[in-house]
Amino acid sequence: SPQTTHTPLCGAGSCSVPSLQHSQKMLRGKRVIVTGASSGIGEQMAYHLARMEAHLLLTARTEAKLQKVVERCLELGAASARYISGSMDSPSLPEQVLREAENTWGGLDMLILNHIGQSSFSYFSGDVGHVRKLMETNFVSYVALATAALPLLKESEGSIVVVSSIAGRIAGPFTAPYSATKFALDGFFSSLRQELIIDKVNVSITLCILGYINTGKPSPAHSPKEECALEIIRAGALRRRELHYPARAVGTALLVRSIAPELLDSLVRSSYRLENVRRT
Ligand SMILES: NC(=O)C1=CN([C@@H]2O[C@H](COP(=O)(O)OP(=O)(O)OC[C@H]3O[C@@H](n4cnc5c(N)ncnc54)[C@H](OP(=O)(O)O)[C@@H]3O)[C@@H](O)[C@H]2O)C=CC1
Ligand SMILES: C[C@H](CCC(=O)NCC(=O)O)[C@H]1CC[C@H]2[C@@H]3C(=O)C[C@@H]4C[C@H](O)CC[C@]4(C)[C@H]3CC[C@]12C
């Protein structure tokens, strides 16, 4: 399928050896948009891409943070780096971002969809307005960005990378609105991938299923955001269908769910200290 056989980001080299160094070289001089790049995993992806000498367009809401990330990217070796600030629940922002890419670069090679709106880890409060807003930010804006990017990505035979979560495959408690937005991403982008393959359009879609990543204080129990960021970029550059990170934890959870879903549900329920979870 075009997902695996054609690797236009590779240049002239042999892409059958998916070494880390090789996938890094593949990004040199490529034009990449990263959303949610002012902190966490998105910020780390920007730094890796800068070291790989890519051209970067970064987005998030907080201009002051984006300015600092752009400065650091230029120090690290980015071919160029710029940003657009704004909230992704604004319907005009996705097109504005893609216009900027077209006007400055005349094209696009990779779109990394990573941002998420604010949500809490708590019992569902009944706030339907919050669900609607989170759907706009975490799902509809991803669809709008991909839609606006597709003409450019078709031209470059580029890639879309969608950052999702284990919560988008296995619904645990206390993340109902967030989980719904991540399940929606899987439905939409997996269906779109099928259509692109049917139409022989060589744009890859990589869905990243992440477990708990340490984006705050260092903790040995959680996977590091720097490594996670590199794995996401690598999976996108290699045009993989899916990334499971950390591989063993995510793979085991998905396997147990497919064999014994009720057992998995009960293991997930019993893994929380319920007295620590908020009812809002
Ligand atoms: N951390 C984890 O354990 C896990 C994370 N993931 C996924 O990884 C991705 C990155 O998560 P993580 O790095 O932890 O998240 P962070 O909260 O660290 O970063 C979120 C980013 O999105 C931006 N953002 C927030 N609200 C908006 C908005 N309304 N419009 C535009 N941008 C916005 C933030 O910047 P600003 O506030 O400046 O707008 C920030 O740059 C997400 O898709 C998440 O679902 C999946 C599984 C586990
Ligand atoms: C609550 C986190 C979102 C924080 C937020 O709103 N950030 C944006 C901002 O501050 O503006 C959740 C983000 C990732 C979640 C975790 C995840 O996706 C993996 C697991 C899924 C499982 O179903 C529940 C536990 C998770 C570790 C989950 C926990 C909540 C997040 C950290």
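The structure we're discussing is the one just above.
All values derive from a computational prediction rather than experimental measurement. By convention here, each chain's residues receive numbers from 1 onward along its written sequence. Chains carry letters and ligands carry numbers; both start at the beginning, A for chains and 1 for ligands, and go up in the order they are written. Thresholds applied to this predicted model are a pLDDT of at least 70 for local features of residues and 80 or more for the giving and counting of side-chain atom pairs; totals over whole chains, interfaces and linings are not thresholded and use all residues. As a rule here, side-chain values come from all non-hydrogen atoms in the structure, and water together with hydrogens is ignored.

Student: Could you give an account of the sheet that holds strand E6 (residues 204–210), naming the residues involved and the relevant values?
Tutor: Pairing in this open sheet of seven strands is parallel, and the strands run E3-E2-E1-E4-E5-E6-E9 from one edge to the other. Edge positions in the sheet fall to strand E3 (80–85) and strand E9 (242–245), since each has one partner strand and no second. Ignoring strand direction, the axes of neighbouring strands in this sheet form an average angle of 15 degrees. Contacting strand E1 (31–35), strand E2 (55–60) and E3, helix H4 (residues 93–105) runs over the sheet at an angle of about 155 degrees to E3. Contacts between residues were defined by any pair of non-hydrogen atoms, one from each residue, lying within 4.5 Å. With axes taken as lines fitted to C-alpha atoms, and helix axes fitted only over the stretch in contact, angles between N-to-C directions fall between 0 and 180 degrees. Only DSSP runs of H or I reaching four residues or more are called helices, and only runs of E reaching two or more are called strands; each is numbered from the N terminus. Running over the sheet, helix H6 (residues 176–198) touches strand E4 (110–113), strand E5 (159–165) and E6 and is turned about 150 degrees from E5. Two strands form a pair only when DSSP identifies at least two bridges running between them.

Student: I'd love a proper account of the site of ligand 1, names of residues and values included.
Tutor: A single heavy atom is enough: if one lies within 4 Å of a molecule or strand, its residue is considered near that molecule or strand. Taken together, 28 residues lie near ligand 1, and Ser 38, Arg 61, Thr 62, Tyr 178 and Ile 213 sit nearest. Polar contacts here mean pairs of N or O atoms no more than 3.5 Å apart (in protein, one a potential hydrogen donor and the other a potential acceptor; neighbouring residues in sequence count only if both atoms are side-chain atoms). Within the backbone of Gly 36, an N or O atom sits 3.1 Å from an oxygen atom of ligand 1. Within the side chain of Arg 61, an N or O atom sits 2.7 Å from an oxygen atom of ligand 1. When ligand 1 sits alone it has 900 Å² of accessible area, and the protein chains cover 88% of it. Listing elements by their share of the shell around ligand 1, those giving two or more residues are helix H2 (40–51), helix H5 (128–156), E5 and H6. With three residues, the top contributor of residues to the shell around ligand 1 is E5. To measure how exposed things are, a 1.4 Å probe is used in the Shrake-Rupley method; for residues, cover is taken only from the protein chains shown.

Student: For unusual backbone geometry, give the residues involved together with the corresponding values.
Tutor: Residues Tyr 245 and Pro 246 are joined by a peptide bond in cis, for which omega reads -10 degrees. Position of Pro 246 among the secondary structure elements: in the loop between E9 and helix H8 (247–259). The residue Glu 157 is not glycine, and still its phi comes out positive at about 55 degrees. Structurally, the position occupied by Glu 157 is in the loop between H5 and E5. Burial classification: accessible surface area is computed with a 1.4 Å probe over protein chains only, and a residue below 20% of its type maximum counts as buried, one above 50% as exposed, and the rest as partly exposed. Residue classification places Glu 157 among the partly exposed positions, given a relative accessible area of 28%.

Student: Any details on the packing of H4 against H5? Residues and values, ideally.
Tutor: For the pair H4 and H5, the least separation of the axes is 8 Å and the interaxial angle reads 25 degrees. One way to sum up the angle between H4 and H5 is to call them roughly parallel. When the axes of H4 and H5 are compared, the crossing they make is right-handed. In this structure, H4 contributes Pro 94, Glu 95, Val 97, Leu 98 and Glu 102 to the contact, and H5 contributes Ser 141, Ala 144, Leu 145, Ala 148, Ala 149 and Leu 152. For the contact of H4 with H5, the per-class residue count stands at eight nonpolar, one polar and two charged. Angles below 35 degrees are treated as roughly parallel, those above 145 as roughly antiparallel, those between 65 and 115 as roughly perpendicular, and all remaining angles as oblique. Should the near helix be turned counterclockwise from the far one by less than a right angle, the crossing is left-handed, whereas a clockwise turn marks it as right-handed. Charged residues are taken to be Asp, Glu, Lys and Arg, nonpolar residues to be Ala, Val, Leu, Ile, Met, Phe, Trp, Tyr, Cys and Pro, and polar residues to be all remaining types, Gly included.

Student: Any details on the nonpolar core? Residues and values, ideally.
Tutor: Core analysis: the largest hydrophobic core is formed by 40 residues, its most contacted members being Leu 49, Leu 58, Cys 73, Leu 210 and Ile 232. Broken down by element, this core gets its largest block of residues, seven residues, from helix H7 (residues 225–237). Aside from chain neighbours lying at most four places away, what touches Ile 232 is Ile 41, Met 45, Val 161, Val 163, Cys 208, Leu 210 and Leu 243. Listed in part, the 38 residues of the second largest apolar core include Phe 139, Leu 153, Val 203 and Ala 253. We define the nonpolar core as a collection of buried residues of types Ala, Val, Leu, Ile, Met, Phe, Trp, Tyr and Cys that are connected through side-chain atoms lying within 4.5 Å of one another.

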